[in-house]
Amino acid sequence: LVLAFLASTLTVTFAQSEATAPQAANEETTGPQMVFESETIDYGLIEQNADPYRFFKFTNTGNEPLIIKHAKGSCGCTVPTYPQAPIAPGESAEIKVRYDTKRIGKFTKRVTLTTNIEGDKKVLTIKGQVKKPAEEPEAIPSSTGGFNN
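Residues numbered from 1 in each chain as written. Predicted model: local features only at pLDDT ≥ 70, side-chain atom pairs only at ≥ 80, totals over all residues. Heavy atoms only, no water.

A. Broad picture of the overall build of the chain. Counting its secondary structure elements, the chain contains one helix and eight strands. What you see in the chain, going N to C, is helices and strands ordered as α-β-β-β-β-β-β-β-β. In the chain, which comprises 149 residues, the share counted as buried stands at 26%. For the chain, contacts bridging at least 24 residues in sequence account for 65% of all contacts bridging at least 6. (Helix = DSSP H or I, 4+ residues; strand = E, 2+ residues; numbered from the N terminus. Buried < 20%, exposed > 50% of the residue type's maximum accessible area, 1.4 Å probe, protein only. Contact = heavy atoms within 4.5 Å.)

Written as structure tokens, this is what we have:
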């Protein structure tokens, strides 16, 4: 009888210690967290003067409001627009980025976000290539005298 009691006590103690170990590993991080659908957007091969806007969609997966303090493009040709109001936990929002599609050629530009998340700044990337417009064929010279009969 004593042996059965000791065996059941050991089993319960072992089961309890196993159950508490994973909980310690899954401790929730505190503060805001910014999770993007994608941190890079490829415009692909686009026409000159094509739609300049792209959108980086994200969700605050943390447990405190997310505040974007500043967003800066790597040059004047890349202009980000970001939410000014705090993004509540579980809410989604987007960063709107405008690239100057008048510029011909390949590009890779970055947008750096400063937020209230501890640690490094978040860097987003846009890339693509703006192609030259097709050259118009020369017009047929106009006639000065019409048909000669």
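We are not done yet, so read on.
B. Layout of the pattern of salt bridges. Evaluated as defined, the whole model comprises four salt bridges. For the salt bridge of E39 with K122, the shortest nitrogen-to-oxygen distance reads 3.1 Å. With E39 in the loop between β1 (34-36) and β2 (40-47) and K122 in strand β8 (residues 122-131), this residue pair connects regions lying 83 residues apart in the sequence. Accessibility expressed as a relative area gives 35% for E39, which makes it partly exposed. A salt bridge links R103 to D100; the nearest nitrogen and oxygen atoms lie 3.6 Å apart. Overall, the relative accessible area of 17% leaves D100 in the buried class. (Salt bridge = Lys/Arg side-chain N within 4 Å of Asp/Glu carboxyl O.)

C. Up close: unusual backbone geometry. One non-glycine residue, N49, adopts positive backbone phi at about 65°. Along the chain, N49 falls in the loop between β2 and β3 (53-60).

D. Up close: the sheet that holds β1. Strand order across the open sheet formed by four strands is β1-β3-β6-β5, with antiparallel pairing between neighbours. Because the sheet does not close on itself, it has two edges, and the strands there are β1 and β5 (78-81). Strand after strand, the sheet turns through a mean of 30° between neighbouring axes, direction not considered. Strand direction decides the pairing type here: β1 and β3, joined by three bridges, are antiparallel. Bridge pairing in β3 places M34 opposite N60. (Pairing = 2+ DSSP bridges. Axes fitted to C-alpha atoms, helices over the stretch in contact; angles between N-to-C directions.)

E. Representation of the nonpolar core. One finds F36, F56, F58, I95, L113 and I126 to be the most contacted residues of the largest nonpolar core, which totals 22 residues. Of all the elements in the fold, those that place two or more residues in this core are β1, β2, β3, β4 (68-73), β6 (92-99), β7 (105-115) and β8. (Core = buried A, V, L, I, M, F, W, Y, C linked by side-chain atoms within 4.5 Å.)

F. Representation of the sheet that holds β2. Overall, mixed pairing links the four strands, which are arranged β2-β8-β7-β4 in an open sheet. Since the sheet does not close on itself, it has two edges, and those belong to β2 and β4, each with one partner. In this sheet, neighbouring strand axes are inclined to one another by 15° on average, regardless of whether the strands run parallel or antiparallel.

G. Layout of the environment of K106. The residue K106 is located in strand β7 in this model. K106 has contacts with G128 and Q129, leaving out every residue within four places of it along the chain.

H. Representation of the confidence of the model for the chain within the structure. For the chain, mean pLDDT is 82; residues scoring 70 or higher make up 71% of the total. In the predicted structure, residues 1-26 sits below a pLDDT of 50 and forms zero contacts with residues beyond four places in sequence or in another chain. (pLDDT = per-residue confidence, 0-100.)

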